[in-house]
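Here are the chains, one letter per residue:
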Amino acid sequence: AAKEDVHRRIKVFEPVMLYRRQLRRQTARELRQAVSNGELFLEYQPVVELQSGRLQGVEALVRWNHPSRGLVMPDDFIPLAEETGLIVGIGRWVLHTALQQLAQWRRLLPADRKFLLRVNLAASELQSMDLVDFVRGSLRKTGAEPGELVLEITESALLSGGDVETYSLRSLQALGVGLEIDDFGTGYSSISYLHRLPVDTVKVDRSLISDMADDDGQLRFVAAVHNLIRAAGMDAVFEGIETAKQARQLQEMGCCCGQGYYFSRPLPAVQVTDLLREGRTLPQAVVVLPG
Ligand code: C2E
Ligand code: MG
Ligand code: MG
Ligand code: MG
């Protein structure tokens, strides 16, 4: 133990380490102000129904417009936000902002046209006792439909399965909110739990489909994963579709939905509004819109 301590102390005084630690502290300080300074904003990536080509909905993705560093992507601040607990405030801002936007989009759409908004939820948000109250309150204030909200939760967060998490998941489902496993296939996926989790859909991680187009073995594997998800009574959404070939292969497998740069990058809200209003087609893919 003593040896370890010495080792740790030496490491701390390495200039690079020291610099990194200071940078992290500074970033955490700045992140604390980001919400109140109005530095966060959302982009929305289209999710497409693969069989019809229609827009099924969008996934909200947070970005940070940092005063000096410019655009900071979520992979560069969400982990820090989770470690520092700042994720709870950020997550609530994301959820409320996205629900306000959903209610606005709803006014553009025919009443019988379903449009799903997906929002990512971090593990620690699920552990927060008043998450369900917040979601309920935010739905009421914005007038958004619970059935149009889907919360994306990673496998590891779902599997930590404490009492609070289980209570939250059941209560959210009782509200009518959809639940989805995110990044399926990247964690310690175990097929034994899949049909027992209180989730409605599975979002398959892009790493599973990245080699599919030129690897028959991988293609068969993806088909098997899709069958497994269907056998568990759920629909699969595939993320990271970058080519027409991948889109076609998944369509031929009978997959429900897909998302990826092939259809569209994440877009500012106004561009999604344009899509809904004008029935504009997405780049490279024909997306038939309601109307
Ligand atoms: P995610 O939830 O799995 O989101 C998908 C990520 O893949 C997004 O990155 C998206 O821009 C990117 N992506 C979409 N299509 C493609 C494609 O065809 N190819 C490639 N290479 N990438 C694609 P982004 O926006 O940088 O977000 C990264 C991660 O940060 C998200 O992964 C999610 O885990 C987290 N995140 C983003 N927004 C939020 C949020 O509001 N709350 C929480 N808790 N986490 C968030
Ligand atoms: Mg996601
Ligand atoms: Mg994902
Ligand atoms: Mg991801």
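The numbers attached to residues start from 1 for each chain and follow its sequence in the written order. All chains are assigned letters beginning at A, and all ligands numbers beginning at 1, according to the order in which they are written. Under the rules for a predicted model, residues below a pLDDT of 70 receive no local features and side-chain atom pairs below 80 are neither given nor counted, while totals for whole chains, interfaces and linings still include all residues. Where side-chain values are given, they derive from all heavy atoms of the structure, hydrogens and water being excluded.

Per an unreviewed UniProt entry, the recorded name for the chain is EAL domain-containing protein, and the organism is Arthrobacter sunyaminii.

Asker: Help me understand the pairing of strand 2 (residues 55–66) in this model?
Answerer: Within a regular strand, side chains alternate between the sheet's two faces. Each residue is placed in one exposure class: buried if its accessible area under a 1.4 Å probe, protein chains only, is under 20% of its type's maximum, exposed if it is over 50%, and partly exposed if it falls in between. Only DSSP runs of H or I reaching four residues or more are called helices, and only runs of E reaching two or more are called strands; each is numbered from the N terminus. For strand 2, the tally of buried residues reaches 11 of 12 residues, placing the bulk of the element in the interior. When DSSP finds at least two bridges between two strands, those strands are taken to pair. Connecting the antiparallel pair strand 1 (residues 40–49) and strand 2 is a turn made up of five residues, with Gly53 showing a positive phi of about 80°. By the bridge criterion, four bridges tie strand 2 to strand 4 (residues 116–121) in an arrangement that is parallel. Bridging from a neighbouring strand, Glu59 pairs with Arg118 of strand 4. Pairing of strand 2 with strand 3 (residues 70–72) involves three bridges; the strand directions are antiparallel. Of the residues in strand 3, the one forming a bridge with Trp64 is Val72. Connecting the antiparallel pair strand 2 and strand 3 is a turn made up of three residues.

Asker: Hey, could you run me through the pattern of salt bridges in this one?
Answerer: When the charged atoms of two side chains lie near each other, side chains of opposite charge can form a pair. One speaks of a salt bridge when a side-chain nitrogen belonging to Lys or Arg is within 4 Å of a carboxyl oxygen belonging to Asp or Glu. Inspection of the entire model under this criterion finds 12 salt bridges. With a closest N to O distance of 3.0 Å, Arg118 and Glu180 form a salt bridge. Here Arg118, found in strand 4, pairs with Glu180, found in strand 6 (residues 178–184); they are 62 residues apart in sequence, far enough to count as distant. Comparing Arg118 with Glu180, the two get one shared label, buried. Notably, a salt bridge pairs Lys203 with Glu180, separated by 4.0 Å at the nearest N-O pair. Here Lys203, found in strand 7 (residues 201–204), pairs with Glu180, found in strand 6; they are 23 residues apart in sequence, far enough to count as distant. Exposure class is identical for Lys203 and Glu180. Each is buried. What you see here is one network of salt bridges that share partners, running through Glu59, Arg118, Glu152, Glu180 and Lys203.

Asker: Would you take a moment to explain the state of the cysteines for this structure?
Answerer: Note on terminology: a disulfide is the covalent bond linking the sulfur atoms of two cysteines. Only a pair of cysteine sulfur atoms within 2.5 Å qualifies as a disulfide here. According to the stated counting rule, one finds one disulfide in the structure shown. You can see Cys255 has no disulfide; the closest cysteine sulfur is in Cys256, sitting 8.5 Å from it. The buried category is assigned to Cys255, whose relative accessible area is 0%.

Asker: Just checking my understanding: could you explain the side chain of Thr142 for this structure?
Answerer: With respect to the helices and strands, the residue Thr142 is situated in helix 6 (residues 131–142). Residue classification places Thr142 among the buried positions, given a relative accessible area of 14%. Throughout this description, a polar contact denotes any pair of N or O atoms lying within 3.5 Å of each other; where both atoms belong to protein, one of them has to be capable of donating a hydrogen while the other can accept it, and for residues adjacent in sequence the pair is counted only when both atoms sit in side chains. For Thr142, the side chain forms a polar contact with the main-chain nitrogen of Ala144, separated by 3.3 Å. Throughout, a residue-residue contact means that at least one pair of heavy atoms, one from each residue, lies within 4.5 Å. If sequence neighbours within four positions are ignored, Thr142 has contacts with His96, Leu99, Gln100 and Ala103.

Asker: Just checking my understanding: could you explain the packing of aromatic side chains for this structure?
Answerer: Here a ring pair, both rings aromatic, is described through the centre-centre distance and the interplanar angle of the planes. In this scheme Phe, Tyr and Trp rings, the latter by its six-membered ring, pair at centre separations within 6.5 Å, and the angle between planes marks the pair as stacked below 30 degrees, edge-to-face above 60, and tilted otherwise. A complete count under the given rule lists four aromatic pairs for this structure. Relative to Trp105, the ring of Tyr44 has its centre 4.9 Å away and its plane inclined at 80°; by these criteria the two rings are edge-to-face. You can see Tyr44 sitting in strand 1 and its partner Trp105 sitting in helix 4 (residues 87–108), a full 61 residues away along the chain. Looking at Tyr44, the relative accessible area reads 2%, which means it is buried. Note on Trp105: relative accessible area 1%, which makes it buried.

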